[in-house]
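Residue-level structure breakdown
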Amino acid sequence: MNKITILLSLFLVMSGIMHAQVQARIGTVTDAFPGTEITIPVYLSGFSSTASYQLSAIDFRIFCDTSIATYNRIEISNSYTNLSEWVSNGVNGSLRANWLEPNFGSISFPDNTPIIDFVLDYKGGNATLAFELCILADVNLNPIENIELISGSITQAAGSGTTLWNGTGVWTTTANWSNGVPGDSAVARIVTGQLEVANSAVCKTLTIETGTTLIIKPGGSLTVNDTLINNGSLIAEADATLYGSLIINKKIQQTGSTTIQRIMEAGKTYGLGSMVANGSASAFIGSGTLSAFAENQNAFSALTGSTLSDGIGYLFASSGNNLLETEGQPLVSLPAKTLAYTTGGSAATSGWNYLANPFTSAFSLAEGLTLTNADKTVYAWDNGRYHVWNGTTGTLTNGIIPYGWAFFVKANSAGGQITLKKEGKQHAFSAFSGNLNTTATILPLTVTVFEAVEKTDVAFIQLDENANFGFDNQYDAWKLPNAASMPELYLYGDNGIKLAVNAIPFAPATMKLGFKAPEDGAYTIAAPSANIFNPGSPVQLYDKLLDATKDLRTENHFFSSEAGTFNDRFELILSGVGIEDPEMQEHFLIFAVNSSIRIKALSEVNESVMIQVRDIKGSLLSSQTAAFWAGSEIKLPSSSGIRIVTVQTTKELFTVKVIVQ
């Protein structure tokens, strides 16, 4: 071997030592049994005594689906750090832990050392564990770059063959099963006693023998991948906030009884449907008023008959605090349903169909809904207002319909059809809660009765290049009326249509914002997380009655109102349409509103400036000098059209293009 080859080989070896890859790896757990504790280690490599790095600080965040497993504690199985040096918790679906060398020093340790162990309470199911954040600091407390991150996983024990239950207890009581807690390929039989599902349970087939009982507790979930044979008693319990969730993927055979519970509160109105085949209306009729919806009349009326049709929605006004129980055979699937549509009716009132999730679990619209000749948006009544979901945004969080819940869809021509595929069934318990969907293309707007946060209504603006400025039935959502005691907020177009979601291809100069006040009093309009939406463009609210504008990115608008409907009080200013001078945004806000051009100083000016307005051909339309100071604002009357506005100070010249409507 010649000298050059030897030197090159030595160089490559030394380079490998000096630049050894730092790796963080999440461990895996297989054959996990629901209801037990599991340990997830996190391994680190690249900090051995011969490596180029030593470790001084750690910050981990690992995504963990809380329906699968939840944080319990951490343990330390190595001798390089102490448990007391760590801070850890489980927050918002993340396992979190951080460590700082207590003497501001550093440590070395062999590759693949388990630096920390997360101990989790395992509920059941399979999950991937991935890093949301991984910061490792070197001896100088500088973050190390290019860390190789390796995900881990949790896999539920599959069970084996047939396992028999005898006795009384919860699903995870190993001693009561003859061949271990069932997994997703196990054949399970309840032979004697009573079995409760309090967390997450799964099996291939399940037989409930005569004289035995299976109870799914509120918040518990059971998935039967193949067949459920019920010769005994099955009860899905409910409390004020949760319910027992059951998914049967293939078929059910029943000679016994299934009871589905629901909690109804006095004075509230619910949209609901039957979750058993041809369910009886008797329990509801005896506890309140049950109404059916007629598309050709666009109205509810008292139900005639004693049977609830599969997949059809009904409106129930509860006369008291009731635990209602429906008995029958759970629905595993639902054939496609034809949507009613009255030809010749108005666009606003024709085609409304009231349907329901017929399954004993929640239903994902994204995974299981198919519509033909119908608008894309779904509307679900809840506690005084309609939640909406247009496939992307809305207050129906993640497009999840709770179990047994009713919803509207709107046919837009004859021959409409809806299919709720089995693939949409999900164990989900928080469909009407959660944060508003906010991105750079979605702007939620809220109106709230002052100091009564429970009386809030929401409207959305969505930017989508495939949408248009007219009504678009694949994006826009109609505004359906709230209860009389609730406020309403909506986008109001020149066509007179009130919208809960208005999708547009790009932000125009102004949009009308309609408002209904249920009573005289104080109200608040806000734009949660508006700083994320359409960066670089204004989000301003103009109150015509007060002749005032508010920057909704930085402040809410508090105002008083008489009871009534106000379609022309508020305008939303979303864009000046094409700001050519980015530095102008630091000094002036220029926008068009109410047939005028407004200029507002955003920083200290303290001098007179020259303002000129031209049309797109360059013709000078107006020119004037005005005095400005921080926060001051002037109005320039203008005819409609595209206008070029220049603002010239003694030092700078700013230019902006606006549309005057």
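Numbering of residues starts from 1 in every chain and runs along the sequence as written. Per-residue local features of the predicted model are confined to residues with pLDDT of at least 70, and side-chain atom pairs are confined, for both listing and counting, to 80 or more; whole-chain, interface and lining totals are unaffected and use all residues. Excluded from the side-chain calculations are hydrogens and water; all other atoms, namely the structure's heavy atoms, are used.

**Re the overall build of the protein**
Secondary structure elements follow DSSP: runs of H or I of four or more residues count as helices, runs of E of two or more count as strands, with numbering from the N terminus. Helix and strand counts for the protein stand at three helices and 57 strands. Considering only C-alpha atoms, the protein reaches an extent of 95 × 90 × 50 Å along its principal axes. Type-normalised accessible area, obtained with a 1.4 Å probe on protein chains alone, sets the label of each residue: buried when under 20%, exposed when over 50%, and partly exposed for intermediate values. Counting only residues that meet the buried cut, the protein has 49% of its 661 residues in that class. The contacts of the protein with a sequence gap of at least 6 include a subset with a gap of at least 24, amounting to 68%. Only the protein chains shown count as covering a residue, and every accessible area follows the Shrake-Rupley method with a 1.4 Å probe. Counting only carbon and sulfur atoms, one obtains 50% of the accessible surface of the protein, whose full area is about 28,500 Å². Side-chain charges in the protein split into 37 positive and 56 negative, and the spacing between the mean points of these groups amounts to 6 Å. By definition, residues are in contact when any of their heavy atoms lie within 4.5 Å. Neither His nor the chain ends contribute to the count of charged residues, in which Lys and Arg are positive and Asp and Glu negative. By convention, the charge on Lys lies at NZ, on Arg at CZ, on Asp at CG and on Glu at CD.

**Quick notes on a nonpolar patch on the surface**
On the surface, a cluster of nonpolar side chains totalling about 310 Å² of accessible area is made up of L100, F104 and L141. Residue position: L141 is located in the loop between β9 (127-137) and β10 (148-150). Patch membership requires more than 30% relative accessible area and the absence of a salt bridge. Residues of like charge join within 9 Å; the nonpolar side chains Val, Leu, Ile, Met, Phe, Trp and Tyr join within 5 Å. The term salt bridge refers to a pairing of a side-chain nitrogen on Lys or Arg with a carboxyl oxygen on Asp or Glu at a separation within 4 Å.

**So, the nonpolar core**
Judged by nonpolar contacts, the single largest core of 49 residues is most densely connected at Y379, L443, L445, I461 and L574. A24, I38, I58 and F109 belong to the second-largest nonpolar core, a separate cluster that totals 37 residues. Among the buried residues, those of types Ala, Val, Leu, Ile, Met, Phe, Trp, Tyr and Cys that are joined through side-chain atoms within 4.5 Å form a nonpolar core.

**Some remarks on empty space enclosed by the protein**
Any space left empty among the atoms is revealed by the rolling of a water-sized probe across them. Here a cavity means grid points, on a 1 Å grid over the protein atoms only, where a 1.4 Å probe fits yet cannot get out; a pocket means an open set of points with protein on both sides within 12 Å along at least five of seven lines; lining residues are those with an atom within 4 Å of a point. Grid points are joined across faces, edges and corners, and a volume is the space filled by probe spheres set on the points. For the coordinates displayed, the defined rule picks out three cavities of 30 Å³ or more. Counted as a void, the largest cavity has a volume near 70 Å³. Every residue lining the largest cavity is listed: R385, Y386, V388, T395, D457, V458, F460, W478, K479, L480, N482 and A500. Gly counts as polar in this scheme, as do all residues outside two lists: the nonpolar Ala, Val, Leu, Ile, Met, Phe, Trp, Tyr, Cys and Pro, and the charged Asp, Glu, Lys and Arg. For the lining of the largest cavity, the residue count by class is seven nonpolar, two polar and three charged.

**Topic: the pairing of strand β4 (residues 57-63)**
Between any two strands, at least two bridges found by DSSP are needed for them to pair. As defined by bridge partners, β4 adjoins strand β7 (residues 94-100) across seven bridges and the pair is classed as antiparallel. Its bridge partner being in β7, F63 is matched across the sheet by S94. Inspection of the sheet shows β4 paired to β9 by seven bridges, in the antiparallel sense. Bridging across to β9, A57 finds its partner in A137.

**So, the packing of aromatic side chains**
Each aromatic pair joins two rings of Phe, Tyr and Trp (for Trp, the six-membered one) with centres within 6.5 Å, and gets the label stacked for planes under 30 degrees apart, edge-to-face for over 60, and tilted for any other angle. Under the counting rule described, the total for this entry stands at 29 aromatic pairs. With centroids separated by 6.3 Å and ring planes inclined at 80 degrees, the aromatic side chains of F515 and F570 adopt a geometry described as edge-to-face. Of this pair, F515 sits in strand β45 (residues 510-517) while F570 is found in strand β50 (residues 564-573), placing the two residues 55 residues apart along the sequence. Of the two residues examined, F515 and F570, each falls in the buried class. Arranged with centres 5.1 Å apart and planes meeting at 65 degrees, the rings of F559 and F570 form a pair that is edge-to-face.

**Some details on the sheet that holds strand β5 (residues 69-75)**
A sheet is described by the order of its strands in space; here five strands give the open sequence β5-β8-β3-β1-β10, paired in mixed fashion. Only two strands of the sheet have a single partner each, and these edge strands are β5 and β10. Going from strand to strand, the sheet's axes swing by 20 degrees on average, the running direction of each strand aside. For helices, the fitted line uses only the C-alpha atoms of the stretch in contact; every axis is such a line through C-alpha atoms, and the angle between N-to-C directions lies from 0 to 180 degrees.

**Section: the pattern of salt bridges**
If charged atoms from side chains of opposite charge come close, those side chains can pair. In this structure the tally under the stated criterion is 13 salt bridges. A salt bridge links R598 to D547; its shortest N-O distance comes to 2.6 Å. On the criterion of sequence distance, the pair formed by R598 in strand β52 (residues 596-601) and D547 in the loop between β47 (540-543) and β48 (548-551) is long-range, its members being 51 residues apart. Among the residues examined, R598 registers a relative accessible area of 3% and is labelled buried. Close ionic contact of K635 with D547 constitutes a salt bridge, the shortest N to O distance being 3.0 Å. One end of the pair, K635, is in strand β55 (residues 633-637); the other, D547, is in the loop between β47 and β48, with 88 residues separating them in the sequence.

**Here's the deal with unusual backbone geometry**
Excluding glycine, most residues fall at negative phi; most peptide bonds, likewise, are trans. Phi angles above zero are rare outside glycine, and N112 is one such case at about 65 degrees. Along the chain, the position of N112 falls in the loop between β7 and β8 (113-122). Its identity is not glycine, yet N373 carries a phi of approximately 55 degrees, on the positive side. Mapped onto the fold, N373 is located in the loop between β33 (369-372) and β34 (378-382).

**Overview of the pairing of strand β19 (residues 233-236)**
Burial along β19 is two-sided: the face carrying S233 and I235 and the face carrying L234 and A236 are both buried. Where strand β16 (residues 213-216) lies against β19, four bridges are found, and the strand directions are parallel. Residue pairing in the sheet places L214 in a bridge with L234 of β19. By the bridge criterion, four bridges tie β19 to strand β22 (residues 257-264) in an arrangement that is parallel. Along β22, the bridge assignment pairs A236 with I260.

**Quick look at the environment of K600**
Checked against the element boundaries, K600 lands in strand β52. The spacing of K600 and L589 is 11 residues in sequence and 5.1 Å in space, taken between C-alpha atoms. Leave out the neighbours within four places in its chain, and K600 touches T549, H587, F588, L589, G631, S632 and E633.

**A closer look at the sheet that holds β7**
One open sheet accounts for six strands, arranged β2-β11-β9-β4-β7-β6; its pairing is mixed. Strands at the two margins of the open sheet, each flanked by one partner only, are β2 (28-32) and β6 (86-91). Taken pair by pair, the neighbouring strands of this sheet meet at an average axis angle of 10 degrees, ignoring direction.

**Some remarks on the confidence of the model for the protein**
Across the protein, the average pLDDT comes to 87, with 93% of residues at or above 70. Residue-level confidence of the predictor is summarised by pLDDT, bounded by 0 at the bottom and 100 at the top. Note on residues 1-19: pLDDT under 50 across the span, and five contacts to partners over four residues away in sequence or across chains.

**With respect to the environment of T163**
Positionally, T163 belongs in strand β12 (residues 162-170). Among the residues examined, T163 registers a relative accessible area of 1% and is labelled buried. Note: C-alpha distance between T163 and N179 (16 residues apart in sequence) is 4.6 Å. Residues within four places of T163 in sequence aside, it is in contact with W177, S178, N179, G180, P182, V187, A188 and R189. Among the polar contacts made by the side chain of T163, one reaches the main-chain amide nitrogen of N179 at a distance of 3.0 Å. Under this definition, polar contacts are N or O atom pairs within 3.5 Å; protein pairs additionally need one hydrogen-donor-capable and one acceptor-capable atom, and for neighbouring residues in sequence, both atoms have to be side-chain atoms.

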